[in-house]
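Take a look at the letters that make up each chain.
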Amino acid sequence: RLEGLPRHTSMHAAGVLISPEAVDEYVPLSRASDGTITTQYTMTTLEELGLLKMDFLGLKNLNIISYCMQEIMKNKGEVIDQYHLPFEDEVFKNIFAEGDTNFVFQFESAGMKRMLKEFKPTCFEDIILLVACYRPGPMQFLQDEGNSVNVIKVKNGITPVTYLVPELEPILKDTYGGIIYQEQVMTICVQLAGYSIAQADEVRRYMSKKKTDKLEHEKPVFIYGDESRGIPGCVAKGIPADKADELFTMMEDFGRYAFNKAHAACYALVSYNTAYLKYHYFREYMCGAMTEQGDKTAQLVEDCRK
């Protein structure tokens, strides 16, 4: 009788529920151990009820950037605008491509450094791609594991980029032929099969939530269309049925792990800003890192000695 029952309550680290009026008009509430008011429902139930859940994450790196900019102003009299830093080849070449990314947001682990040295990013789009790729699942597209796409080899010109149909080139060229982002899944549905954006978002959700029964129903719609839903389908838009079938299977494989590009781009911008400041204002940046990450003093001192 006890199997499968909840054994404890917990609170999401960053999830905040937003409601049009008093929350207890909609869902039961409780208090967490620290006194915080929480809902008694899980996040999936809340979303099914139509309530809005947002994740607000606090990042130490933003404090490091603020501290660094204040020190630059104090020591050098320079005002830094973190939202309009230039994308410089030297930063991509000397920080990212060299794997010199201690205290660079998102790229500090040994695995990330190894990936950077292999990939050799040269532009901001590459940083967005690597933020999205270095997670369980999409990591396979950085390796040779029987995949149709190895983005590292395509990036470095070892293997040519190929597209199942020419219509995919403008959608996938920035990710070297791989479907890495959820937005790409949606764009394929909209441009190649004639879905509306809302309908494409449904397909994206089926893929990310691995709803195989829904996808089985959706595949013939993607290929041949559905008049009742106003979807013409790939064949009506000039794409051969066998290619559309193969594309949908490919989308399922990639879409299961696809990352939200908007989220990856925000993280990539913070990452680039930390790399830029580390490269151009090493002393001030390391002071900021020491202030915020005192638990890593030994590594910070070693970096400074180098």
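What counts, and at which threshold
- Residues numbered from 1 in each chain as written.
- Predicted model: local features only at pLDDT ≥ 70, side-chain atom pairs only at ≥ 80, totals over all residues.
- Heavy atoms only, no water.
- Helix = DSSP H or I, 4+ residues; strand = E, 2+ residues; numbered from the N terminus.
- Buried < 20%, exposed > 50% of the residue type's maximum accessible area, 1.4 Å probe, protein only.
- Contact = heavy atoms within 4.5 Å.
- Expected span 1.5 Å × (residues − 1).
- Salt bridge = Lys/Arg side-chain N within 4 Å of Asp/Glu carboxyl O.
- Lys, Arg positive; Asp, Glu negative; His and termini not counted.
- Arc of directions from axis to C-beta.
- Axes fitted to C-alpha atoms, helices over the stretch in contact; angles between N-to-C directions.
- Parallel < 35°, antiparallel > 145°, perpendicular 65-115°, else oblique.
- Left-handed = near helix turned anticlockwise from the far one by under 90°.
- Nonpolar A, V, L, I, M, F, W, Y, C, P; charged D, E, K, R; others polar.
- Phe/Tyr/Trp six-rings, centres within 6.5 Å; stacked < 30°, edge-to-face > 60°.
- Patch = residues over 30% accessible without salt bridge, like charges linked within 9 Å, V, L, I, M, F, W, Y side chains within 5 Å.
- Areas by Shrake-Rupley, 256 points an atom, 1.4 Å probe, with all protein chains shown as cover.
- Core = buried A, V, L, I, M, F, W, Y, C linked by side-chain atoms within 4.5 Å.

Caption draft 1: Quick peek at the overall build of the chain. Helix and strand counts for the chain stand at 14 helices and 4 strands. Dimensions of the chain, computed from C-alpha atoms along their principal axes, come out at roughly 65 × 55 × 40 Å. The buried share of the chain, taken over its 306 residues, is 41%. For the chain, contacts bridging at least 24 residues in sequence account for 60% of all contacts bridging at least 6.

Caption draft 2: Region of interest: helix H8 (residues 182-193). The end-to-end C-alpha distance of H8, which contains 12 residues, comes to 16 Å, matching closely the 16 Å that a straight helix rising 1.5 Å per residue would cover. All buried positions along H8 are accounted for by Gln182, Gln184, Val185, Met186, Ile188, Cys189, Leu192 and Ala193. Buried residues in H8 make contact with helix H7 (169-172), helix H9 (197-208), helix H10 (212-224) and helix H11 (241-255). Two residues or fewer past H8, Gly194 is found with a positive phi of approximately 80 degrees.

Caption draft 3: Structural view of the pattern of salt bridges. Per the stated rule, a full pass over the model turns up 13 salt bridges. Ionic pairing is found between Arg205 and Asp201, a salt bridge with its closest N-O pair at 3.4 Å. Taken together, the positions of Arg205 and Asp201, both in helix H9 and 4 residues apart, correspond to about one turn of that helix. A relative accessible area of 31% means that Arg205 is categorised as partly exposed. Lys219 is the salt-bridge partner of Asp245, the closest N and O atoms lying 3.1 Å from each other. Here Asp245 is found in helix H11, whereas its partner Lys219 is found in helix H10, with 26 residues between them in sequence. For Asp245, a relative accessible area of 33% puts it in the partly exposed group. If you follow the salt bridges from partner to partner, you end up with Asp201, Glu202, Arg204 and Arg205 in one network.

Caption draft 4: Quick peek at the side chain of Asp226. Tracing the backbone through its elements, the reader meets Asp226 in the loop between H10 and H11. Despite being buried, Asp226 has no salt bridge partner; Arg229 is the closest side chain of opposite charge, sitting 4.1 Å away.

Caption draft 5: Here's a closer look at helix H2 (residues 60-76). With 17 residues, H2 extends 24 Å between its outermost C-alpha atoms, agreeing within 8% with the 24 Å of an ideal straight helix rising 1.5 Å per residue. Taken residue by residue, H2 has Asn61, Ile64, Ile65, Cys68, Met69, Glu71 and Ile72 as its buried positions. End-on, the buried residues of H2 take up no more than an arc of 165 degrees, which puts them together on one face. When the buried face of H2 is taken as reference, the exposed residues oriented beyond 90 degrees from it are Gln70 and Lys74. The positive-phi residue at the C-terminal boundary of H2 is Gly77, with phi of around 70 degrees.

Caption draft 6: Representation of the packing of H8 against H11. Between H8 and H11, whose axes approach to 11 Å, the crossing angle comes to 160 degrees. In terms of their interaxial angle, H8 and H11 are classed as roughly antiparallel. Taken as a pair, H8 and H11 cross one another with a handedness that is left-handed. Between H8 and H11, the contacting residues are Val185, Ile188, Cys189 and Leu192 on the first element and Leu247, Met251 and Gly255 on the second. Here the residues of the contact of H8 with H11 sort into 6 nonpolar, 1 polar and no charged.

Caption draft 7: Just the packing of aromatic side chains, in detail. The full count for this structure, using the stated rule, is 9 aromatic pairs. Seen from their ring centres, Phe222 and Phe248 are 5.3 Å apart, and the 50 degrees between their planes marks the pair as tilted. Residue Phe222 is located in helix H10, and its partner Phe248 is located in helix H11; the two are separated by 26 residues in the primary sequence. For Phe222, a relative accessible area of 0% puts it in the buried group. Looking at Phe248, the relative accessible area reads 0%, which means it is buried.

Caption draft 8: Structural view of a nonpolar patch on the surface. A cluster of nonpolar side chains, Val16, Ile18, Leu52, Met54 and Phe56, forms an exposed patch at the surface whose accessible area comes to about 430 Å². Where the nonpolar patch is concerned, the elements lending two or more residues are strand E1 (15-18) and strand E4 (52-55). Of note, Leu52 is situated in strand E4.

Caption draft 9: Broad picture of the nonpolar core. Core analysis: the largest hydrophobic core is formed by 80 residues, its most contacted members being Phe96 and Phe222. Residues in contact with Phe96, not counting those within four places in the same chain, are Val91, Thr101, Val104, Phe107, Leu116, Pro121, Ile127, Ser271, Tyr272 and Ala275.

Coordinates in, geometry out; function isn't part of it.
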